[in-house]
Amino acid sequence: MDHRAEVSAFLKSRRAKITPQQAGLPVYGHRRVPGLRRGEVAMLAGVSVEYYTRLERGDLSGVSESVLDALAQALRLDDTERDHLYALARAASATPARVRRRPKKATVRPSVLRIIEGLHDQPAYVRNNRMDILAANPPARALLSEVFEMEPANTCRFVFLNPRATRTYPEWERVARDGVGVLRVEVAKNPYDRELSNLIGELSTRSDAFRRMWGAHDVHVFTEGTKRFHHRAVGEMELVHESLDLPGEQGLSITVYSAEPGTPAADALTLLASWAASQNQDAAAAQADPEH
């Protein structure tokens, strides 16, 4: 990835989202664009126009935390966007040997596998920074059965390259934008991750929707929230999800879905477990007697 172009596009996209009125600035005469001008951002951040122009051209090397904080405040960045700006600055100041080092192949610790396998009624899986699912318990494999038909099982590839994704995710647009935002965050953290760059290149080449969303330069981090699913066997359900980074495992996180007891979603998860059990029994019977 071109790091300077990444920085430049991010700052321009944030500047374009803020109107002078939102920034508390007076408006005089006709403006060609609704967003702030470079000079206005520079004034709000307390830096010279020349210095801000350098930043917006993609050069964040050596920028102090106080300037980054002022810039984040001027551009009204939220917490995720602010962290993204700091990650871009760290990457700009890192030595080539450090940032180009080949990342260690991620593996899931046995203790983590035991944790997700112990969640018998809650879908749980471990993913890496490219949205590959590295390990999943039976409820998760049942919930995301169509995702697991792909190899490797990757939620972003499924969302953008599989036409069934719009049925699986009734709120497809939101799910897709969140996934793109997660990849954008990871690019800032790991600008020389070849497999991550390959994934983004593949999706950009094969999906018009991905190219459009990628060009928005929005960022996202999975923490907690709700997500709607439509499963071919049990219908629609709205589940609560929690995502946590795994300490000591760079780039790995665990996601768990659940439902409030007594709700239709909880009933749907029970049906899903029964469906998964019957599928497993059928698969075992077919393996034992391949002629039938």
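No experiment lies behind these values; they were computed from the predicted model shown.

Q: What is the right way to look at the overall build of the protein chain in this model?
A: Check the secondary structure of the protein chain and you find 14 helices and five strands. Along the first, second and third principal axes, the C-alpha atoms of the protein chain reach 75 × 45 × 35 Å. Buried residues in the protein chain amount to 47% of all 292 residues. In the protein chain, the proportion of contacts linking residues at least 24 apart, taken out of those at least 6 apart, comes to 54%. Surface summary for the protein chain: the accessible area is close to 15,800 Å², and the carbon and sulfur share equals 50%. Charged side chains in the protein chain number 39 positive and 38 negative. The centres of these two groups are separated by 9 Å.

Q: Sorry if this is basic, but what is going on with the nonpolar core here?
A: Burial of nonpolar side chains together is a common tendency in soluble globular proteins. Counting 44 residues, the largest nonpolar core has Phe-160 and Leu-183 as its most contacted members. Mapped onto this core, the elements with two or more residues apiece are β2 (133-136), α8 (138-143), α9 (155-161), α11 (172-189), α12 (194-206), α13 (208-214), β4 (235-245) and α14 (264-288). Ranked by residues supplied to this core, first place goes to α11 with seven residues. Residues contacting Phe-160, with those up to four places away along its chain left out, are Trp-172, Ala-176, Val-180, Leu-203, Ser-207, Ala-209, Phe-210 and Met-213. Membership of the second largest hydrophobic core comes to 25 residues, among which are Val-63, Ala-72, Tyr-86 and Leu-88.

Q: What is the right way to look at helix α2 (residues 38-45) in this model?
A: Because each turn of an α-helix spans 3.6 residues, side chains separated by three or four positions end up pointing in the same direction. Regarding α2, the residues found buried are Glu-40, Val-41, Ala-42 and Ala-45. Next to the buried residues of α2 lie α1 (3-16), α3 (49-56) and α4 (65-74). In the stretch just after α2, Gly-46 is the one whose phi turns positive, near 75°.

Q: What's the story with the sheet that holds β4 in this structure? I'm lost.
A: By way of backbone hydrogen bonds, the strands of a sheet pair with one another, either parallel or antiparallel. Pairing is antiparallel across the open sheet formed by five strands, whose spatial order is β2-β1-β5-β4-β3. Only two strands of the sheet have a single partner each, and these edge strands are β2 and β3 (224-231). Direction aside, the axes of adjacent strands within the sheet are offset by 30° on average. Bridge count for strand β1 (residues 124-127) against strand β5 (residues 253-258) is four bridges, and the pairing is antiparallel. Counterpart to Tyr-125 in the pairing with β5 is Thr-255. On top of the sheet, helix α7 (residues 110-117) reaches β1, β2 and β5; it is set at about 55° to β2, its chief contact.

Q: It is not clear to me how α3 should be interpreted in this structure. Could you clarify?
A: The complete set of buried residues in α3 reads Tyr-52, Thr-53, Leu-55 and Glu-56. Seen along its axis, α3 keeps its buried residues to an arc of 160°; they face one direction. Summarising the contacts, the buried residues of α3 are in contact with α1, α2 and α4. Positioned one or two residues after α3, Gly-58 has a phi angle of 105°, which is positive.

Q: Help me understand empty space enclosed by the protein in this model?
A: A probe matching the size of a water molecule, rolled over the atoms, marks out where space remains unfilled. Under the definition given, this model contains two cavities of 30 Å³ or more. Among the secondary structure elements, those contributing two or more residues to the lining of the largest cavity are β1, α9, α11, β3, β4 and β5. The leading source of residues in the lining of the largest cavity is α9, at three residues. A per-class count over the lining of the largest cavity returns 10 nonpolar, five polar and two charged. Lining the second largest cavity are Leu-143, Leu-144, Ser-145, Glu-146, Val-147, Thr-168, Phe-229, His-230, His-231 and Arg-232. Examining the composition of the lining of the second largest cavity, we find that three residues originate from one element, β3, more than from any other. A breakdown of the residues in the lining of the second largest cavity according to their chemical character gives four nonpolar, four polar and two charged.

Here is what the cut-offs are and how they apply
Residues numbered from 1 in each chain as written. Predicted model: local features only at pLDDT ≥ 70, side-chain atom pairs only at ≥ 80, totals over all residues. Heavy atoms only, no water. Helix = DSSP H or I, 4+ residues; strand = E, 2+ residues; numbered from the N terminus. Buried < 20%, exposed > 50% of the residue type's maximum accessible area, 1.4 Å probe, protein only. Contact = heavy atoms within 4.5 Å. Areas by Shrake-Rupley, 256 points an atom, 1.4 Å probe, with all protein chains shown as cover. Lys, Arg positive; Asp, Glu negative; His and termini not counted. Charge placed at Lys NZ, Arg CZ, Asp CG, Glu CD. Core = buried A, V, L, I, M, F, W, Y, C linked by side-chain atoms within 4.5 Å. Pairing = 2+ DSSP bridges. Axes fitted to C-alpha atoms, helices over the stretch in contact; angles between N-to-C directions. Arc of directions from axis to C-beta. 1 Å grid on protein atoms, 1.4 Å probe; cavity = no way out; pocket = protein on both sides within 12 Å on 5 of 7 lines; lining within 4 Å. Points joined across faces, edges and corners; volume = space filled by probe spheres on them. Nonpolar A, V, L, I, M, F, W, Y, C, P; charged D, E, K, R; others polar.

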